[in-house]
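Observations on chain architecture
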Amino acid sequence: MQLSRKIAEDTYYVGSSDRRLALFENIYPIERGVSYNSYVVLDEKTVLLDTVDHSVSRQFMENLEGVLDGRSLDYLIVNHVEPDHCATIDVVVKRYPGCKIVGNAKTLQFIGQYYDFDLEGCSVTVKEGETLETGKHSFTFVLAPMVHWPEVMVSYDSYTKVLFSADAFGTFGALSGNLFADEVEFEKEWLDDARRYYINIVGKYGVQTLNVLKKAQGLEISMIAPLHGPIWRENIGWFIDKYRRWASYEAEEDGIVIIYSSIYGNTEQAMNYLSYALSDRNVRNIHMYDASKTDPSVLLSECFRYSKAVFASSTYNLEIFPRMENLMSDLKAHLYQNRKVGVVENGTWALQSGKKMVEWLSSMKNIEIIGGKAVSILSNAKGDVLTELDKLADELVK
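The paragraphs below set out a description of the structure included in this document. From a predicted model like this one, the values you see are computed outputs, not experimental measurements. Within any chain, residue numbers begin from 1 and follow the written order of that chain's sequence. Local features in this predicted model are restricted to residues of pLDDT 70 or higher, and side-chain atom pairs are both shown and tallied only at a pLDDT of 80 or more, whereas totals for entire chains, interfaces and linings draw on every residue. Where side-chain values are given, they derive from all heavy atoms of the structure, hydrogens and water being excluded.

1. Here's the deal with the overall build of the chain
Secondary structure elements are defined from DSSP: runs of H or I of at least 4 residues count as helices, runs of E of at least 2 residues count as strands, and each element is numbered from the N terminus. Helix and strand content of the chain: 12 helices and 23 strands. If one aligns the C-alpha atoms of the chain with their principal axes, the spans along those axes are about 80 × 40 × 35 Å. Each residue is placed in one exposure class: buried if its accessible area under a 1.4 Å probe, protein chains only, is under 20% of its type's maximum, exposed if it is over 50%, and partly exposed if it falls in between. Classification of the 398 residues of the chain by burial places 56% in the buried group. Residue pairs at least 24 apart in sequence account for 73% of intrachain contacts in the chain once pairs closer than 6 positions are excluded. Side chains of the chain carry 41 positive and 55 negative charges; the gap between the two charge centres is 3 Å. Note on contacts: a residue pair is in contact if any heavy atoms of the two residues lie within 4.5 Å. When charges are counted, neither His nor the chain ends are considered; positive counts come from Lys and Arg and negative counts from Asp and Glu. Think of each charge as sitting on NZ of Lys, CZ of Arg, CG of Asp or CD of Glu.

Pasting the structure below:
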């Protein structure tokens, strides 16, 4: 059964969605599944832009063959060689032996690492700014290294003004017939997954992302067609602005995220006290998470989302509680920066977690640690500790 849809003149969506996959890249939970987007342009020459993951290969091939409707495939443009997009290249090449693979030098190198078929004579190597003419459509290639692999490029069709953006502007979540962002409640139902996708997948490469956005400023874009998630044809500037903020490591919202690791509930109770203290000071947009119950990808995304954070951890085996230490490592790996944070530690007989969290956070760029050290709790927050938590609330409000 063919399940494709025309998205622009001569341009068709031939991808598919996987709702069975539990972990994207075998690490990030995706309760709503994920889409693998692929596109075909029918011109004097036929063009396929990227393939899909093995999990949806059967539907993809039915879509591709249905749209081509007996025509051969002339070109396969490969914007990204990660296996969730290149896993069916060999299937396409076998089905359409006359097809030429279009990519930059690094693209073709990576394809050679994945596959054994000979690229000699069946590939076209392109460089920054070069074009591929297929009739009335003309594809210009813009290199986007490290967004988020070194071979990544984006393709711009100057006839339809569609930007095929590779993993940029993608999001977690399966598509359900509505392919366009304006056909769904994107801000309400998709934005959290879009943010979590960007921060965890691409977030480390903010400088590279900003470079690509600068290149795109010179293009008249009517549509952004990513490799995951909805296609953008309306209010494109709103989503581009989100990307600029994320890539610049700016807070998306003014708010406070409190993340704690608590063994027996005492550290959690201290953070409950802090949240009430903040609320009494008219702070809105307070969010609390238990690091032991919340997936690290969500915690990381929320840290990037809000302007301020508090990290509270029990001491465990003279170290930071493991789930909190994992978060510290993730924050550093993804270049967490430009934030004001509070640190709280707890322990009965050996307070160590605060000092070590401060060491982690001090190694990150432009992180202001309130008071320069942790608020220390001996077993249970009471007496002078409550006063210290009130002071922490005052400083967060400042």
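2. A look at the packing of helix H6 (residues 206–216) against helix H7 (residues 236–247)
Two measures define how a pair of helices packs: the angle their axes make with one another and the distance between the axes. Only the stretch in contact is used when fitting a helix axis, every axis being a line fitted to C-alpha atoms; angles between N-to-C directions are given from 0 to 180 degrees. Across the interface, H6 lies against H7 with an axial gap of 8 Å and an inter-helix angle of 145°. Note on packing geometry: the crossing formed by H6 with H7 is left-handed. Each of Gly-206, Val-207, Thr-209, Leu-210 and Leu-213 in H6 lies in contact with H7, whose residues at this interface are Ile-240, Tyr-243, Arg-244 and Ala-247. Handedness of a helix crossing follows the sense of rotation of the near helix relative to the far helix, less than a right angle counterclockwise being left-handed and clockwise being right-handed.

3. Some remarks on the nonpolar core
As used in this record, nonpolar core signifies buried Ala, Val, Leu, Ile, Met, Phe, Trp, Tyr and Cys residues forming a set joined through side-chain atoms within 4.5 Å. Core analysis: the biggest nonpolar cluster contains 111 residues, and Ile-259, Phe-311 and Tyr-336 have the highest contact counts within it. Ranked by the residues each element gives to this core, the list is headed by helix H5 (residues 186–202), at 9 residues.

4. Some words on the packing of helix H8 (residues 266–280) against helix H12 (residues 384–397)
Interaxial distance between H8 and H12 falls to 9 Å at its minimum, and their mutual angle equals 45°. By the angle between their directions, the pair H8 and H12 is classed as oblique. In the packing of H8 onto H12, the handedness of the crossing is right-handed. Seen from H8, the contacting residues are Ala-270, Met-271, Tyr-273, Leu-274, Ala-277 and Leu-278; seen from H12, they are Leu-386, Leu-389, Asp-390, Leu-392, Ala-393, Leu-396 and Val-397. For classification purposes, an angle smaller than 35 degrees is called roughly parallel, one larger than 145 roughly antiparallel, one from 65 to 115 roughly perpendicular, and anything else oblique.

5. A short note on the sheet that holds strand E10 (residues 100–103)
At least two DSSP bridges between two strands are required for those strands to pair. Across the sheet, 7 strands lie side by side as E1-E2-E7-E8-E9-E10-E11; this open sheet has mixed pairing. Among the strands making up the open sheet, the edge pair consists of strand E1 (5–8) and strand E11 (123–125). Taken over all neighbouring pairs, the strand axes of this sheet differ in orientation by 25° on average, direction set aside. Helix H1 (residues 57–68) rests against strand E2 (11–13), strand E7 (39–42) and strand E8 (46–49) of the sheet, and its axis sits at about 10° to E7. Where helix H4 (residues 105–114) meets the sheet, its contacts fall on E10 and E11, and the angle it forms with E10 comes to roughly 125°.

6. Remarks on the environment of Asn-326
Relative to the assigned elements, Asn-326 resides in helix H10 (residues 322–333). A sequence separation of 30 residues divides Asn-326 from Pro-296, and the C-alpha atoms of the two residues are 7.9 Å apart.

7. Details of the side chain of Glu-302
For Glu-302, the location among the structural elements is in helix H9 (residues 296–305). Classification of Glu-302 by relative accessible area gives buried; the value is 6%. Not counting residues within four places of it along the chain, the set of residues in contact with Glu-302 comprises Arg-195, Val-257 and Tyr-289.

8. Looking at the side chain of Asn-63
Mapped onto the elements of the fold, Asn-63 is located in helix H1. In this structure Asn-63 comes out as buried when scored by relative accessible area, which is 0%. One polar contact links the side chain of Asn-63 to the main-chain carbonyl oxygen of Val-14, over a distance of 3.2 Å. We define a polar contact as two N or O atoms separated by no more than 3.5 Å, with the added condition that, inside protein, one atom must be a possible hydrogen donor and the other a possible acceptor, whereas residues neighbouring each other in sequence contribute only through side-chain atom pairs.

9. Examining helix H11 (residues 353–362)
Owing to its 3.6 residues per turn, the α-helix aligns residues three or four sequence positions apart on the same side. Here H11 has its buried residues at Ser-353, Gly-354, Met-357, Val-358 and Leu-361. Down the axis of H11, the smallest arc covering the buried residues is 130°, so these residues share one side. Packed against the buried residues of H11 are strand E19 (306–316), strand E20 (319–320), H10, strand E21 (339–347) and strand E22 (367–369). What the arc measures is the spread of directions leading from the helix axis to the C-beta atoms.

10. A word on H10
Taking 1.5 Å as the rise per residue, H10 with 12 residues should run 16 Å; its terminal C-alpha atoms sit 16 Å apart, in good agreement. Buried within H10 are the following residues: Met-324, Leu-327, Met-328 and Leu-331. When H10 is viewed along its axis, its buried side chains cluster within an angular range of 100° and face the same direction. Of the residues flanking the end of H10, it is Leu-335, one or two places downstream, whose phi is positive at about 60°. The span one expects for a helix is its residue count, reduced by one, times 1.5 Å.

11. Side note on the pairing of E7
On a regular strand, each side chain points to the face opposite its neighbour's, so the side chains alternate between the two faces of the sheet. A two-sided burial pattern is seen for E7, the buried positions comprising Tyr-39 and Val-41 on one face and Val-40 and Leu-42 on the other. Judged from the 3 bridges that link them, E2 and E7 form a sheet pairing that is antiparallel. Within E7, the residue paired with Tyr-12 across the bridge is Val-40. In this antiparallel pair of consecutive strands, E7 and E8, the connection spans 3 residues.

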